[in-house]
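Letter by letter, the chains look like this.
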Amino acid sequence: KKRLQSEDKTVENILKPLDLTDEHYKKVMQLMHNDIVKGLTPETHAKANIKCFPTYVRTVPDGTESGDFLALDLGGTNFRVLLINLNGQEVTMESKIFLIPHHIMVGSGAQLFDHIADCIFKFMTDHKLQDRHLPLGFTFSFPCRQEGLDKAILTTWTKGFKCEGVEGHDIVQLLHEAIERRGDMQNVKCLAVINDTVGALMSCAHSDRQCAVGLILGTGTNACYIESLSEVKTWDGDFNEPKQVLINTEWGAFGNDGCLDFILTDFDKSIDKHSINPGKQIYEKMISGMYMGEIARLAIERLRKHNLLFDGEGSYHLATRGRFYTKYVSEIEGDNVDGFKVTKQIFDELDLTSHTEQDCRLVRHVCSLVSKRAAYLASAGIACLLNKMNRKEVTVGVDGSLYRFHPFFHDLMMEKTRALVRPDISFKLMLSHDGSGKGAALVAAVANRLL
Ligand code: ADP
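Source: prediction; values computed, not measured.

## Thoughts on the sheet that holds strand 1 (residues 53-54)
Consideration 1: Overall, mixed pairing links the six strands, which are arranged 1-11-10-9-12-13 in an open sheet. Here the strands that pair on one side only, and so sit at the sheet edges, are strand 1 and strand 13 (426-431).
Consideration 2: Note that strand 12 (residues 393-399) and strand 13 share six bridges and pair parallel. Counted as the bridge partner of Val396 is Leu429 from strand 13.
Consideration 3: Set on the sheet, helix 13 (residues 357-389) makes contact with strand 9 (211-217), strand 10 (221-228), strand 12 and strand 13; between it and strand 9 the angle comes to about 160 degrees.

## Focus: the site of the ligand
Consideration 1: With respect to spatial proximity, 13 residues lie near the ligand, and among them Thr77, Thr219, Gly289, Ser330 and Ser401 are the closest.
Consideration 2: Residue Ser401 places a side-chain N or O atom 2.4 Å away from an oxygen atom belonging to the ligand.
Consideration 3: Here the ligand has 570 Å² of accessible area as a free molecule, and 73% of this is covered by the chains.
Consideration 4: Of all elements in the fold, only helix 10 (289-305), helix 11 (326-334) and helix 14 (401-405) reach the threshold of two or more residues within the shell around the ligand.
Consideration 5: A class-by-class count of the residues in the shell around the ligand yields three nonpolar, nine polar and one charged.

## Remarks on the packing of helix 7 (residues 196-205) against helix 16 (residues 435-450)
Two packed helices can be described by the angle between their axes and the distance between those axes.
Consideration 1: Taken N-terminus to C-terminus, the directions of helix 7 and helix 16 make an angle of 80 degrees; their axes are 7 Å apart at the nearest point. The orientation of helix 7 relative to helix 16 falls into the category roughly perpendicular. Residues Asp196, Gly199, Ala200, Met202 and Ser203 of helix 7 touch helix 16, and the partners they reach there are Gly435, Ser436, Lys438, Gly439, Leu442 and Val443.
Consideration 2: Along the lines of polarity and charge, the residues of the contact of helix 7 with helix 16 split into four nonpolar, five polar and two charged.

## Some words on empty space enclosed by the protein
Consideration 1: Counted under the stated rule, the structure contains one cavity of 30 Å³ or more.
Consideration 2: As a volume, the largest cavity reaches approximately 70 Å³.
Consideration 3: Every residue lining the largest cavity is counted, 13 residues in all, and those nearest its centre are Cys144, Gln146, Ile194, Asn195 and Asn248.
Consideration 4: Every element with two or more residues in the lining of the largest cavity is listed here: strand 1, strand 6 (144-148) and strand 8 (188-194).
Consideration 5: Of the residues contributing to the lining of the largest cavity, the split by class is nine nonpolar, four polar and no charged.

## Examining unusual backbone geometry
Consideration 1: For the bond from Glu241 to Pro242, the omega torsion is -10 degrees, close enough to zero to count as cis.
Consideration 2: Within the secondary structure, Pro242 sits in the loop between strand 10 and strand 11 (244-248).
Consideration 3: Of note in this structure, Asp351 is not a glycine but carries a positive phi near 60 degrees.
Consideration 4: The topology assignment puts Asp351 in the loop between helix 12 (341-349) and helix 13.
Consideration 5: On the basis of relative accessible area, Asp351 is assigned to the partly exposed category, the value being 47%.

## As for the sheet that holds strand 2 (residues 66-74)
Consideration 1: Read across the open sheet, the five strands follow the order 4-3-2-5-8; overall the sheet is mixed. Here the strands that pair on one side only, and so sit at the sheet edges, are strand 4 (90-98) and strand 8. When strand polarity is set aside, the average angle formed by the axes of neighbouring strands in this sheet is 25 degrees.
Consideration 2: Running over the sheet, helix 5 (residues 109-126) touches strand 2, strand 3 (79-87), strand 4, strand 5 (134-140) and strand 8 and is turned about 45 degrees from strand 3.

Rules behind the numbers
- Going along each chain's sequence as written, the residues are numbered from 1 onward.
- This being a predicted model, a pLDDT of at least 70 is required before a residue's local features are given, and a value of 80 or more before pairs of side-chain atoms are given or counted; all residues contribute to the totals for chains, interfaces and linings.
- To get the side-chain values, all heavy atoms of the structure are used, and hydrogens and water are removed first.
- Two strands pair under a simple rule: DSSP has to find at least two bridges between them.
- Here a strand is any run of E in DSSP of at least two residues, a helix any run of H or I of at least four, and the numbering for each starts at the N terminus.
- By the convention used here, residues are in contact when the closest approach between their heavy atoms is within 4.5 Å.
- Think of each axis as a best-fit line through the C-alpha atoms, taken over the contacting stretch in the case of a helix, with angles from 0 to 180 degrees between the N-to-C directions.
- Whether a residue is near a molecule or strand depends on its heavy atoms: it is near if one of them lies within 4 Å of it.
- Any pair of nitrogen or oxygen atoms within 3.5 Å is treated as a polar contact; in protein, a donor-acceptor pairing is required on top of that, and neighbouring residues in sequence qualify only through side-chain atoms on both sides.
- Areas reported as accessible are Shrake-Rupley estimates using a 1.4 Å probe. Residue values count occlusion only from the protein chains shown.
- Just so you know the grouping, Ala, Val, Leu, Ile, Met, Phe, Trp, Tyr, Cys and Pro go in nonpolar, Asp, Glu, Lys and Arg go in charged, and all remaining residues, Gly too, go in polar.
- Any angle from 65 to 115 degrees is called roughly perpendicular, while one under 35 is roughly parallel, one over 145 is roughly antiparallel, and all others are oblique.
- Cavity: a set of points on a 1 Å grid over the protein atoms alone where a 1.4 Å probe fits but cannot get out. Pocket: an open set with protein on both sides within 12 Å along at least five of seven lines, its lining residues, like those of a cavity, having an atom within 4 Å of a point.
- Grid points are joined across faces, edges and corners, and a volume is the space filled by probe spheres set on the points.
- For every residue, the accessible area (1.4 Å probe, protein chains only) is compared with the maximum for its type, and the residue is labelled buried under 20%, exposed over 50%, or partly exposed between those bounds.

Right, dumping it as structure tokens:
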């Protein structure tokens, strides 16, 4: 009995659940496809996890968009106000980051939008824009059911936000009400709401007409893609040309019905249980930057508790939830194995005093398993969308710090998407630059032209 127990606690056994096979990923693709179809069908939409909200954005930019625009970017780490000038392929922008204090993130909706209005006012004053009539595009990266380009109803907060009185309400109206309460910014009008996935798609499509998918790998994960109206059974807009619409999948919620339980590890379950949204955003919690470091920490702690790391010696920091940042995963995987200088520095930061080369190698192995699984799960999602769209050549516009800064995320995704997608489809993954700002301006420009 004793032998069995110790066999149970080998490194391999503890980490095995993080190592998925192509069969797993193909099953994930199939399940995602089914859920997307559910989301696009009125009779099953309510039961779908992947809501597939139509965005009311019908085309990618044609490159002739021009003028000055304001943009707001809210949806994760930073809140930004931007001033963007579009002029053909030339795009210039100025922006300012404003902090959203934690008490506002979890306070009242009115407080949040008053704060946003104050930030816009400050930005306009600083840039001497008070007297200009500037169309505004709002990149609001939380799940919204849209009823028009300028009407977006928040379904649920995610990523650490939880302001009362916003879920179920139109965020454009809340913004306009806050602007009205100030009484000194009547010339600011929000013409369009998009989310960051649409921003990534639009900004990449501005220079690459093949771009038809937008992907976010940052605090959270989400994707949008161009769908034929004939597939969008929930569509209630017009059927004019082009007969297509961008679909905001909100795929982060994939698995909320338990369909991904077959790949969940104890680490995933623990993260979910301690999150502010238990049972929600299951796929997102296995992939995105808000959680990846924590998955690694839990695995490292499990190994340490079984005396398989650091000679069993832990630390206060290593035992603290959220203290092993996702950027550590990138840094450790990018470290030079000849010396592990950066890895050891991170161990020092975490007050882990007794560590060996072997510990460095094992922690690096844990990090690579966690990021590989994340990249491969995201690849399964992308392969699913590419198969569904059935275009010969597609560019995927990608934004988010996880994709941007992890040393191998791009390569891992290229390799696995290639392995999973139909062989006749060719694709590229393209880094989106300032997608949230540029995308909002591009959509506002199109909306303004149509006014
Ligand atoms: P957001 O998605 O909130 O708009 P980002 O794209 O910057 O903003 O994503 C922030 C997330 O990226 C955080 O969860 C953070 O852990 C993660 N992150 C930041 N730096 C790195 C890095 N060097 N490697 C991997 N992930 C990172």
